[in-house]
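# Chains, contacts and geometry: an overview
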Amino acid sequence: MTKLDPSAERALAWPGEPEKPVEECTPAEARRQYLDGFASKQWPLEPVESVEELDIQGIRIKVWRGLGAAPCDAPALLYLHGGGWVIGAPETHEDICRTLANDAGAVVVAPDYRLAPEHPFPAAIEDCAATLAWMAEQATALGINSNRILVAGDSAGGNLAAVIALLARDGQAPAILGQVLIYPVTDQQQTSDSYRRYATDFGLTTQAMRWFRDHYLPDETSRLDWRASPLHASSLKGTAAAVVILAGHDVLFDEGRAYAERLEAEADVRCHTWQGQIHGFLSMGRAIPEAREALDTILAAWRSLDPRVRT
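Throughout what follows, the structure given in this document is the object of discussion.

Right, let's get into the nonpolar core. The nonpolar side chains of soluble globular proteins are, as a tendency, buried together. Counting residues in each nonpolar core, the largest one holds 111 residues, and the members touching the most others are Phe212 and Leu282. The element that contributes the greatest number of residues to this core is helix α6 (residues 156-169), accounting for 10 residues.

What follows is the structure in structure tokens.
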């Protein structure tokens, strides 16, 4: 096992950690804890050209237009936030969304998709697909090019992004330019060895992941549905080009790597691993400078897919 980066150790020792483990919380308590504490390790929010909050088909969405983004035909990113399908909101990942909007000269859209257990699988997928469809339909009004839409997400959001990419491949969602999967959940069985290696002491725990999964997938028979576990999709051929970002000290590491290996064999992928990092490190820029490295890697990959993205 490689050593933790000093920045990851610093983040794990950061003051103001949650009052109690998420698996000991009710969903309402877990949401409150997350909303109260998420910002302490994040970068200050960058100014952007504009921020809008809209309602589409009952889904609250936020839209950030980056500084200097073209008024029309701009690149676009659909960002799906993490939080185990139970906690989180567009605001909890706004630092990432604003930075990517500015650096790419893009429009970034994030839906406040429905959360479990009130709205279990597949409600979140339906809301994310509906948001992508809205982006494609309203491209002119948004000042974006519907052929330049990238889908990204972290953790549970990475799971949702992978599923949206497969739906797009199958014509069940609008076509996308590419997918960015940041330490994604790909296998709801939770039996890979990284669930043992990093079960405790590295931030996200095995018990927490079980708590999240059990709220999102109360019906155990759904866990091998490819829309819950994209690693179990029969084929990944034809899926949009992917960028996979992994943290080496993460319960999700093995399943993320397994998904990247399948993408490498069946589609197109660039996989990057920060061996000494922990789950969620992109949202810890104040404590972990490697978060900036990962964002730069995502931007470089985005530019390789869309040469017109600002350099």
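The rest of the description comes next.
For the largest pocket, the calculated volume is near 1,100 Å³. Looking at the largest pocket, it is lined by 43 residues, and the ones nearest its centre are Glu17, Pro18, Tyr34, Gly203 and Leu204. Every element with two or more residues in the lining of the largest pocket is listed here: α1 (6-12), α2 (27-37) and α8 (206-216). No other element matches the six residues that α2 contributes to the lining of the largest pocket. A per-class count over the lining of the largest pocket returns 19 nonpolar, 16 polar and eight charged.

A few words now on the pattern of salt bridges. What the rule picks out here adds up to 24 salt bridges. The partner of Asp73 in a salt bridge is Arg308, and the shortest N-O contact between them spans 2.8 Å. Residue Asp73 is located in the loop between β2 (59-65) and β3 (74-80), and its partner Arg308 is located in the segment after α10 (290-305); the two are separated by 235 residues in the primary sequence. Given the relative accessible area of 31%, Asp73 is considered partly exposed. Residue classification places Arg308 among the exposed residues on the basis of a relative accessible area of 52%. One salt bridge in this structure joins Arg227 and Asp225, with 2.8 Å as the shortest N-O distance. Asp225 gets classed as partly exposed once you look at its relative accessible area, which sits at 23%. In this structure, a network of salt bridges that share partners links the residues Glu53, Arg60, Lys62, Glu91, Glu94, Arg98 and Asp112.

Bringing the packing of helix α3 (residues 94-104) against α10 into the picture now. Two numbers describe how α3 lies on α10: the axes approach to 11 Å, and their chain directions differ by 45 degrees. As judged from the angle between their axes, α3 and α10 are oblique. In the packing of α3 onto α10, the handedness of the crossing is right-handed. Counted together, Ile96, Thr99, Leu100, Asp103 and Ala104 of α3 and Arg292, Leu295, Ile298, Leu299, Trp302 and Arg303 of α10 form the full contact between these two elements.

Here we come to unusual backbone geometry. In the segment running from Ala116 into Pro117, the intervening peptide bond is cis, with an omega of 5 degrees. Relative to the helices and strands, Pro117 resides in the loop between β4 (107-111) and α4 (123-137). Residue Phe121 is joined to Pro122 through a cis peptide bond whose omega torsion reads 5 degrees. Mapped onto the fold, Pro122 is located in the loop between β4 and α4.

Along α2, the positions that sit buried rather than exposed are Pro27, Ala30, Arg31 and Gln33. An end-on view of α2 places all buried positions within 165 degrees of arc, on one side of the element. Across α2 from its buried face, at more than 90 degrees, point the exposed residues Ala28 and Asp36. Contacts made by the buried residues of α2 are with α8.

Let us look at the sheet that holds strand β7 (residues 242-249). Taken together, eight strands build an open sheet; the order of strands is β1-β2-β4-β3-β5-β6-β7-β8 and the sheet is mixed. Only two strands of the sheet have a single partner each, and these edge strands are β1 (50-56) and β8 (269-278). Across the sheet, the mean angle from the axis of one strand to that of its neighbour is 20 degrees, orientation sign disregarded. Here β7 pairs with β8 via seven bridges, running parallel. Bridge assignment links Ile245 to a residue of β8, and that residue is His272. This element, α3, spans β1, β2, β3 and β4 of the sheet and lies at about 40 degrees to β2. Sheet strands in contact with α6 are β3, β5 (144-154) and β6 (178-182), and its direction is about 140 degrees off that of β5.

Thresholds applied
Residues numbered from 1 in each chain as written. Predicted model: local features only at pLDDT ≥ 70, side-chain atom pairs only at ≥ 80, totals over all residues. Heavy atoms only, no water. Core = buried A, V, L, I, M, F, W, Y, C linked by side-chain atoms within 4.5 Å. Buried < 20%, exposed > 50% of the residue type's maximum accessible area, 1.4 Å probe, protein only. Helix = DSSP H or I, 4+ residues; strand = E, 2+ residues; numbered from the N terminus. 1 Å grid on protein atoms, 1.4 Å probe; cavity = no way out; pocket = protein on both sides within 12 Å on 5 of 7 lines; lining within 4 Å. Points joined across faces, edges and corners; volume = space filled by probe spheres on them. Nonpolar A, V, L, I, M, F, W, Y, C, P; charged D, E, K, R; others polar. Salt bridge = Lys/Arg side-chain N within 4 Å of Asp/Glu carboxyl O. Axes fitted to C-alpha atoms, helices over the stretch in contact; angles between N-to-C directions. Parallel < 35°, antiparallel > 145°, perpendicular 65-115°, else oblique. Left-handed = near helix turned anticlockwise from the far one by under 90°. Contact = heavy atoms within 4.5 Å. Arc of directions from axis to C-beta. Pairing = 2+ DSSP bridges.

All we've got here are geometric facts, nothing functional implied.
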